[in-house]
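# Results of the structural survey
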Amino acid sequence: MAGLKIGITCYPTYGGSGAVATELGIALAHRGHEIHFITYQQPFRLPSFLPRIYFHEVDVGRYPLFEYPPYDLALAVRMHEVVLAHRLDLLHVHYAIPHATSAWMAREMLAQTRPDIKVLTTLHGTDITIVGQDPSFHAITKFSIEKSNGLSAVSKYLRDETQSVFGCSSCRIEVIPNFIDPTVYDRSRYEPQLREQVNGDKVLMHISNFRAVKRVRDVVGIYARVAREVPSVLVMVGDGPERVDAEQEARRLGVQDRVFFLGKLEAVAPLLASADLFLIPSQSESFGLSALEALATGVPVVGSRAGGLPEVVRDGETGALCAVGDVEAMARSAIGFLTDADRWRTASVMAAADARKRFSLDQVVAQYEAFYLDALDGSLSDDQ
Ligand code: GMT
């Protein structure tokens, strides 16, 4: 297909939606498209230079009157400017709030000069399941997603949830899952450095932004139960509001010397290659990108049967899913994998193969290209 000029807006900070948006932009640029990231900071997974990739910083400015500087307006103005200056074909925003609203404003401002510009929104999770349902944001989220020229969600669960909570059962929402680069999430590529440091103990791992929804205290609780039966360590990657709680829980349960908090790391694939089990006991998870990255690296996943996780983890095969908060059951499942080498090996091989079969970069990026073409052909609902 001919190269498109695409504006991508996402949260540039540590998190799944920013990671997906950035890796999508990089993959699209490899396929000949021109990508313009429009956001307030260089996205965390974006290298400093790549051909056909540009970064446009949104400057909110400061004025003493503003207790809350209006980022959504500054973003709309920057989108408007970049569309005109670089003749973009479309704006693809990740995470509805406030990106879909800013893109709608930019499109309104372009009504005379670029009436053909399209706005596509990818829903990632808490923009629908938590923040979008807050009374302060519900109406504007519903309005903005309905005004998008195309909508995608990262799982069937999130599509159904969007249609139900926003009462738009007829909204057309494409399900385009998150993806992995199989050459990056490949166990055989990395030296098992971490493993050498733990003297043969099993390595349990958790990676997240440590928000309440991740239930990081449960991660520590599961590990403490496992540690009673299996010589092991827990490696916690990431940072966020609940990190202090998790550290306290480790002290309370007496496992603080075996729990390592590494903070935010950019490249997680080499670390995952040293892991034996990944823990994700979230309250809600629209997809669970970190779980997919673990599976692709051959790491079985134990977590909660919540949201879109059952679409990613094959319960009983590539991992085990239990009721939210059932720390005992998750610990038993974890011990089951860690104490049965044949079972672990079968799950590990199947996890890597299944992730490649269903969530490989090439096939998912092709789905996004089809999504773009569909919108540009005007065949998606043009409810403006
Ligand atoms: O919704 C969030 O908490 C933020 C977002 C992020 O930027 O990390 O996470 C969501 O998007 C990811 C990428 O699509 C999904 O893998 C996560 O499951 C989803 N988080 C939740 O639904 C809690």
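Predicted model only: the values in this text are computed from it and were never measured.

### As for the sheet that holds strand β7 (residues 174-175)
- The strand order across the open sheet built from seven strands is β3-β2-β1-β4-β5-β6-β7, with neighbouring strands paired in parallel fashion. Each edge of the open sheet carries a strand with a single partner, namely β3 (53-57) and β7.
- Both strand β6 (residues 150-153) and β7 contribute to a ladder of two bridges, which runs parallel. The partner of Ser152 across the bridge, within β7, is Glu174.
- The sheet strands contacting helix α15 (residues 361-376) are β1 (5-9), β4 (90-94), β5 (118-123), β6 and β7, and the helix crosses β5 at an angle near 140°.

### Remarks on helix α9 (residues 243-252)
- Among the residues of α9, Arg243, Ala246, Glu249 and Ala250 are the ones counted as buried. The arc enclosing the buried residues of α9, seen along the axis, measures out at 120°, which places them on a common side.
- Buried residues along α9 sit against α8 (216-229), β9 (232-237) and β10 (259-263).
- Downstream of α9 by one or two residues, Gly254 has phi in the positive range, about 75°.

### What about the nonpolar core?
- Within the largest apolar cluster, 95 residues are counted, with the highest numbers of intra-cluster contacts made by Leu91, Met205, Phe278 and Tyr372.
- When residues of this core are assigned to domains, at least three fall in each of domain 1 (5-179 + 361-377) and domain 2 (187-359).
- Each residue touching Met205, except ones within four places of it in the same chain, is listed here: Leu194, Leu234, Val235, Leu271, Leu272, Ala275, Leu277, Phe278 and Leu279.
- Judged by nonpolar contacts, the second largest core, of 32 residues, contains Val220, Ala246, Ala329 and Ala331.

### Examining unusual backbone geometry
- Of the consecutive residues Ile97 and Pro98, the connecting peptide bond is found in the cis state with omega at -10°.
- With respect to the helices, strands and loops of the structure, Pro98 is situated in helix α3 (residues 96-109).
- Here the phi dihedral of Tyr95 falls at roughly 80°; this positive angle occurs in a residue that is not glycine.
- In this structure, Tyr95 sits in the loop between β4 and α3.
- According to the relative accessible area criterion, Tyr95 is buried, its value standing at 12%.
- Of note, Phe210 is a non-glycine position whose phi angle comes to about 50°, a positive value.
- Looking at where Phe210 falls in the secondary structure, it is placed in the loop between β8 (202-207) and α8.
- Judged by relative accessible area, which is 0%, Phe210 ranks as buried.

Criteria and thresholds
- Within each chain, residue numbers correspond to sequence positions counted from 1 in written order.
- Under the rules for a predicted model, residues below a pLDDT of 70 receive no local features and side-chain atom pairs below 80 are neither given nor counted, while totals for whole chains, interfaces and linings still include all residues.
- To obtain the side-chain values, all non-hydrogen atoms of the structure were included, while hydrogens and water were left out.
- When DSSP locates at least two bridges between a pair of strands, those strands are taken to pair.
- Only DSSP runs of H or I reaching four residues or more are called helices, and only runs of E reaching two or more are called strands; each is numbered from the N terminus.
- Note on contacts: a residue pair is in contact if any heavy atoms of the two residues lie within 4.5 Å.
- Here an angle of 0 to 180 degrees is reported between the N-to-C directions of two axes, which are lines fitted to C-alpha atoms, with helices fitted over the stretch in contact.
- A simple rule labels every residue: compare its accessible area, found with a 1.4 Å probe on the protein chains alone, to the largest value its type can have, and call it buried under 20%, exposed over 50%, or partly exposed in between.
- This arc describes the spread of directions from the helix axis toward the C-beta atoms.
- We call a set of buried Ala, Val, Leu, Ile, Met, Phe, Trp, Tyr and Cys residues a nonpolar core when their side-chain atoms join them within 4.5 Å.
- Delimitation of the domains relies on an automatic or database domain assignment.

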